[in-house]
Amino acid sequence: MKLQQDVNLQQKQQVNLMMTQKMQQSIQILKFNASELQDYLAQVELENPFISVSFKEVSSSNQQIADISEFAVETKSQSLFEYLMDQINLTMRKTVLRDWVVYLAQNIDQNGYLTLDTTKLLKDGKIDRTTLDDALTLLWRLDPPGVGARNLQECLLLQIENDRGQEELAYQVIAKNFELFTQRKWDEIIKKMKLSKEEFQGVLDYVKTLSAAPGKAYDQSSTAYIAPDLIVEKVDGKYQARATSLVKPKIVFRKSYYESLVGTLDKNVVTYLKEKKKQYASLLEELQMRQRTIERVGQEIIAHQYDFFAKSNHPLKPLLLRDVAQKLQLHESTISRAVNGKYLQTDFGVFELRSFFSQAVNYDQDGAGISAAKIQEQIQRLIATEDKQKPLSDQKILDKLQADGLKLSRRTVAKYREKLQIPAASKRKRFC
């Protein structure tokens, strides 16, 4: 009886552990923004030979993003594009070839990959083969190593080349047996290339030091383009939030390859196969949950902030994370993960989902909540129309706001004015 209780307890602990691990994985995937999700799936694809990942309509999505480049997010950190341009300006004279290098740099995504179809460029006659090869060579010489690659294999090879041929063996493995390498067919590579296990282990250890996304080391919020997770569209007179192709990857299980190994008698192989198939099923479920959660949150934002999308002045109402959490019957932390670092594309700009949330800090005479952003707008409007020879002090601004039925302190007025980067009255005064 005691033995049976111990077995039941152990089984219960194992189930709880599996549920905890699955929950943690779902949380992590939800936290990823569009570019981080791509990085993660690229890594999964490398580690699981039975999983193939592709993003539908990537080219059209990139074109949509390129059309809204004026909505870039400004930060003080240097973006990858800025870093590349600094190098180009310092190392290349103004020539036609340099212009092509700049053009290529403008089409590098936040992971450091070249998104242009160079074959189509040649086919359309926009550039000749020699000029393209020369421009690519110059681009590939820039830091970080691997930038400008058109696929993962090219990215790894460029990084190995940057080591000045110190890892020739690794270069040969990636160049000649990349598919076998991604499928983890180590024994086939060893036999084909006549390597010792020690030599191949050295290759594995070295490749682990390379980056699958060389551009990620740079701040991406200040790059030329933002990858939105959602697009707002008007369908039959109603606004709807639709997930972009960047959030809807196509995950395919390589069934034929899997089944070719199922009949093995090696217990370790059987265990490995089961783990990889279970990883696929779990990943599929978690991605669907992620997409569904982000779309539901986006739709709820649209419902609450309808005037922002419908009116030309784009007013925002107070909205808390817990309001959406209660409406969708989700935990507040889930909503926080769903909006942080995620972007929504409209026909008038791109906005972080978190920017639609603000607490009501006051109420007007009708009892309607007024957000901090709305009060800041009022402060900005009062200062814009003030007498420049007698600018309004924070106290006078407070008096005017209180006359409109708002209750707040002078310190709050000063804090909002500073947040708007408006100097104090003494520094705004004009003497003529």
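You'll find the structure just up there.
Some points on helix α19 (residues 394-403)
Those residues of α19 lying buried are D394, I397, L398 and L401. For α19, the angular spread of buried residues about the axis comes to 100°, placing them on one side. Positive backbone phi, at 95°, marks G405, one or two positions downstream of α19.

Remarks on the sheet that holds strand β3 (residues 238-243)
Read across the sheet, four strands follow the order β3-β2-β5-β6 without closing on themselves; strand pairing throughout is mixed. Since the sheet does not close on itself, it has two edges, and those belong to β3 and β6 (349-352), each with one partner. Sheet twist, expressed as the mean angle between neighbouring strand axes with direction ignored, is 30°. Bridge count for strand β5 (residues 343-346) against β6 is four bridges, and the pairing is antiparallel. Looking at β6, one finds that Y343 is bridged to E352. Packing against the sheet, helix α14 (residues 267-304) makes contact with β2 (230-235) and β3, and its axis sits at approximately 155° to β3.

Focus on helix α2 (residues 34-47)
The end-to-end C-alpha distance of α2, which contains 14 residues, comes to 20 Å, matching closely the 20 Å that a straight helix rising 1.5 Å per residue would cover. All of the buried residues in α2 are A34, S35, L37, Y40, L41 and V44.

A few points about the environment of T244
Take T244: it is sitting in the loop between β3 and β4 (249-253). Residue T244 is classed as buried on the basis of its relative accessible area of 2%. Note: C-alpha distance between T244 and I231 (13 residues apart in sequence) is 6.4 Å. The contact partners of T244, leaving out residues within four places of it in the chain, are P228, D229, L230 and I231. A distance of 2.9 Å separates a polar side-chain atom of T244 from the backbone oxygen of P228.

With respect to the nonpolar core
Counting 24 residues, the largest nonpolar core has F309, I335 and F357 as its most contacted members. Of all the secondary structure elements, the ones that give two or more residues to this core are β2, β3, α14, α15 (306-310), α16 (321-328) and α17 (332-339). Ignoring any residue separated from it by four or fewer positions in sequence, one finds F357 in contact with I301, L319, L320, L321, V324, I335 and V339. By size, the runner-up hydrophobic cluster in this structure holds 23 residues, among which are C155, I189, V207 and L210.

Parameters at a glance
Residues numbered from 1 in each chain as written. Predicted model: local features only at pLDDT ≥ 70, side-chain atom pairs only at ≥ 80, totals over all residues. Heavy atoms only, no water. Buried < 20%, exposed > 50% of the residue type's maximum accessible area, 1.4 Å probe, protein only. Helix = DSSP H or I, 4+ residues; strand = E, 2+ residues; numbered from the N terminus. Arc of directions from axis to C-beta. Pairing = 2+ DSSP bridges. Axes fitted to C-alpha atoms, helices over the stretch in contact; angles between N-to-C directions. Contact = heavy atoms within 4.5 Å. Expected span 1.5 Å × (residues − 1). Polar contact = N/O pair within 3.5 Å; in protein donor to acceptor, adjacent residues only side chain to side chain. Core = buried A, V, L, I, M, F, W, Y, C linked by side-chain atoms within 4.5 Å.

All we've got here are geometric facts, nothing functional implied.
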